[in-house]
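Each chain, written out:
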Amino acid sequence: MIVVKKFGGTSVGTPERIMNVAKRCIEDYNKGNDVVVVLSAMGDSTDDLIALAKQLNPNPPKRELDMLMSTGEQVSVSLMAMAMASLGVRAVSLNAFQVAMHTTHTYGNARLKRIDSERIRHELEDRKIVLITGFQGVNKYDDVTTLGRGGSDTTAVAIAAALHADTCEIYTDVDGVYTADPRIVPNAKKLEEITYDEMLDLATLGAGVLHNRSVELAKKYGVKLIVRSSLNNSEGTIVKEETKLVERMLISGVAVDRNSDRISVIGVKNEPGVAFKIFDVLAKAGINIDVILQSYGQGDTKDISFTLPSDRVDEAVEILNNSTDRLHFERVDVRHDIAKLSVVGAGMMSNPGVAAKMFEALYNANINISMISTSEIRITVLIDEKDAVRGAQAVHDAFGLED
Ligand code: ADP
Ligand code: ASP
Ligand code: MG
């Protein structure tokens, strides 16, 4: 059996934890399995590296930031190889160059394009445990790229797909996927199973337990994903195509995203092509837009508001302000203190009234909604950031998701 195991920052945060992970992987290896391990940087070291960079330059060149951030994962894999060697097991650490993990060129948010699995297979045939740096890749200029925060999950799934692994286990600091972030909603319940589509929406809408692109890839290549704790032996959550619980579950989870901002472009012309021009200039810069609201328009002008990741907002404003030859508007307003609150569930497709129930819960909690967006299996509202935790709890309660 080929097993890919990924361990997040907390799981490799100290030398003791690295040793524990080493032992856990060796148990699997001793059963005769081929074991590939993908690691994140230790603890908060990626945050620390970014903070260090900002002490020298508040707006560091993205290429150099990737060069810096990618060092964290290299620390983890080399230390893990040393830990395994001390336990008498042959292991080899490989970075993105050694594996040949090809990505698009975008620094800071590159997408994986192709993995040459030859080196990994060769090392596995030699009965070594293969330790691979998560989060990083190589672009066509032979530069280091990173896959976006939390991207090690995506590395793991991509490798599992390339090797046709039997499972991809994501080890983290919670026991699995819960009906909400247990740090925000303490009585959230662990899910036994969840579908790729629901997990993809939850991850995209703020459930940071999995990087959303890892779920996208898992779905595309049919990789069986298991999310479980590195600190205990509990069962975890299986992410897969069909779940037996799906019929019964109206809502599978609530997600909160506090890392989005809202931009309002005020006073654009009330004529065809305006939305296209705004979103086209932003798309060309690779900025993902989420909830969109366009005002009805009075007379000659209208307003268009949308949400986007907080770390792209300055860039987006600059792009808009530099596009005044194509785009005419009065001004751009930015709000940082907003949060997106979403409910996700395949069951809502066949059950009307989910939106009403969510809005009622927020009304009862006296929380104002400023924007709404829906799809077949999710409803997202924009609320004030200060109401995010209370709102998540209220909605979670209203749908009876508690343990
Ligand atoms: P790792 O470093 O292992 O990748 P992350 O911090 O990226 O760990 O992800 C785990 C965290 O995700 C948990 O500690 C939890 O606070 C958060 N989280 C958010 N939403 C959920 C959810 N629905 N279920 C479980 N955990 C969640
Ligand atoms: N170390 C990277 C981060 O902190 C990648 C990851 O943890 O998945 O974002
Ligand atoms: Mg993570």
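Report follows, based on the coordinates. Since we're looking at a predicted model, the values are computed, not measured. (Residues numbered from 1 in each chain as written. Chains lettered and ligands numbered in written order. Predicted model: local features only at pLDDT ≥ 70, side-chain atom pairs only at ≥ 80, totals over all residues. Heavy atoms only, no water.)

1. Some thoughts on the overall build of the chain
Okay, step 1: In terms of regular secondary structure, the chain is built from 12 helices and 20 strands.
Okay, step 2: Taking the principal axes of the C-alpha coordinates as reference, the chain spans close to 75 × 50 × 35 Å.
Okay, step 3: Per-residue burial over the chain gives 53% buried out of 403 residues.
Okay, step 4: A separation of at least 24 residues holds for 75% of the contacts in the chain among residues at least 6 apart in sequence.
Okay, step 5: Total accessible area on the chain stands at roughly 18,700 Å², and carbon and sulfur atoms take up 49% of it.
Okay, step 6: Counting 45 positive and 56 negative side-chain charges, the chain places the averaged centre of each group 2 Å from the other. (Helix = DSSP H or I, 4+ residues; strand = E, 2+ residues; numbered from the N terminus. Buried < 20%, exposed > 50% of the residue type's maximum accessible area, 1.4 Å probe, protein only. Contact = heavy atoms within 4.5 Å. Areas by Shrake-Rupley, 256 points an atom, 1.4 Å probe, with all protein chains shown as cover. Lys, Arg positive; Asp, Glu negative; His and termini not counted. Charge placed at Lys NZ, Arg CZ, Asp CG, Glu CD.)

2. Digging into the sheet that holds strand E20 (residues 378-384)
Okay, step 1: Taken in spatial order, the 4 strands line up as E13-E18-E20-E19 in an open sheet, and their pairing is antiparallel. The sheet terminates laterally at strand E13 (253-257) and strand E19 (371-375), the two strands that pair on one side only. Pairs of neighbouring strands in the sheet enclose a mean axial angle of 20 degrees, with direction left out of account.
Okay, step 2: As judged from the 5 bridges shared by E19 and E20, these two strands associate in the antiparallel manner. Each residue of the ladder has a partner; that of Thr 374, found in E20, is Ile 379.
Okay, step 3: On the sheet, helix H11 (residues 354-364) packs against strand E18 (338-344), E19 and E20 and is oriented at approximately 20 degrees with respect to E20. (Pairing = 2+ DSSP bridges. Axes fitted to C-alpha atoms, helices over the stretch in contact; angles between N-to-C directions.)

3. Brief notes about the site of ligand 2
Okay, step 1: In the vicinity of ligand 2, the contacting residues are Ser 40, Ala 41, Thr 46, Glu 73, Phe 135, Arg 149, Gly 150, Gly 151 and Ser 152.
Okay, step 2: In the model, an oxygen atom of ligand 2 is placed 2.7 Å from a nitrogen or oxygen of the Arg 149 side chain.
Okay, step 3: In this structure, an oxygen atom belonging to ligand 2 sits 3.0 Å away from a main-chain N or O atom of Ser 152.
Okay, step 4: Summarising the interface, the protein chains cover 86% of the accessible area of ligand 2, which totals 260 Å² for the free molecule.
Okay, step 5: Per-class residue counts for the shell around ligand 2 are 2 nonpolar, 5 polar and 2 charged. (Near = heavy atom within 4 Å. Polar contact = N/O pair within 3.5 Å; in protein donor to acceptor, adjacent residues only side chain to side chain. Nonpolar A, V, L, I, M, F, W, Y, C, P; charged D, E, K, R; others polar.)

4. Digging into the site of ligand 1
Okay, step 1: Looking at ligand 1, there are 17 residues lining it, with Thr 172, Asp 173, Tyr 178, Asp 181 and Arg 183 nearest.
Okay, step 2: One nitrogen or oxygen atom from the side chain of Lys 6 is found 3.1 Å from an oxygen atom belonging to ligand 1.
Okay, step 3: Between ligand 1 and Asp 173, the relevant distance is 2.8 Å, taken from an oxygen atom to a side-chain nitrogen or oxygen of the residue.
Okay, step 4: Out of a free accessible area of 570 Å², ligand 1 has 84% covered by protein chains.

5. Thoughts on the nonpolar core
Okay, step 1: Val 4, Val 36, Ile 120, Ile 132, Ile 159, Cys 168 and Met 199 are the most contacted members of the largest nonpolar core, which totals 44 residues.
Okay, step 2: In terms of residues, this core owes the most to one element, helix H6 (residues 152-162), which gives 6 residues.
Okay, step 3: Non-local contacts of Val 4, meaning those with residues more than four positions away in its chain, are made with Val 36, Val 38, Ala 156, Ile 159, Ala 160, Ala 165, Thr 167, Cys 168 and Glu 169.
Okay, step 4: Membership of the second largest hydrophobic core comes to 28 residues, among which are Ala 180, Val 354, Ile 383 and Ala 388. (Core = buried A, V, L, I, M, F, W, Y, C linked by side-chain atoms within 4.5 Å.)

6. Re the pattern of salt bridges
Okay, step 1: Here the structure, examined in full by the defined rule, presents 30 salt bridges.
Okay, step 2: Salt-bridge contacts for Lys 5 lead to Glu 169; the nearest nitrogen and oxygen are separated by 2.7 Å. Of this pair, Lys 5 sits in strand E1 (residues 2-7) while Glu 169 sits in strand E9 (residues 167-172), and the two are 164 residues apart along the sequence. Taken as a pair, Lys 5 and Glu 169 share a single burial class, namely buried.
Okay, step 3: In this structure, Lys 284 engages Asp 280 in a salt bridge whose closest nitrogen and oxygen atoms are separated by 2.8 Å. Here the residue Lys 284 and the residue Asp 280 both occupy positions in helix H9 (residues 274-284), the gap between them amounting to 4 residues, near one helical turn.
Okay, step 4: Since its relative accessible area comes to 65%, Lys 284 is described here as exposed.
Okay, step 5: The class of Asp 280 is buried, set by a relative accessible area of 16%.
Okay, step 6: Among the ionic contacts, a cluster of salt bridges with common partners joins Arg 335, Asp 337, Asp 384, Lys 386, Asp 387 and Arg 390. (Salt bridge = Lys/Arg side-chain N within 4 Å of Asp/Glu carboxyl O.)

7. Here we look at the packing of H6 against helix H8 (residues 212-221)
Okay, step 1: One can describe the packing of H6 onto H8 by two numbers: an axis separation of 8 Å at closest approach and a directional angle of 15 degrees. Taken together, the axes of H6 and H8 are roughly parallel relative to one another. The interaxial crossing formed by H6 with H8 has left-handed handedness. Across the interface between the two elements, Asp 153, Thr 154, Val 157, Ala 158 and Ala 161 from H6 touch Arg 213, Ser 214, Leu 217, Ala 218 and Tyr 221 from H8. (Parallel < 35°, antiparallel > 145°, perpendicular 65-115°, else oblique. Left-handed = near helix turned anticlockwise from the far one by under 90°.)

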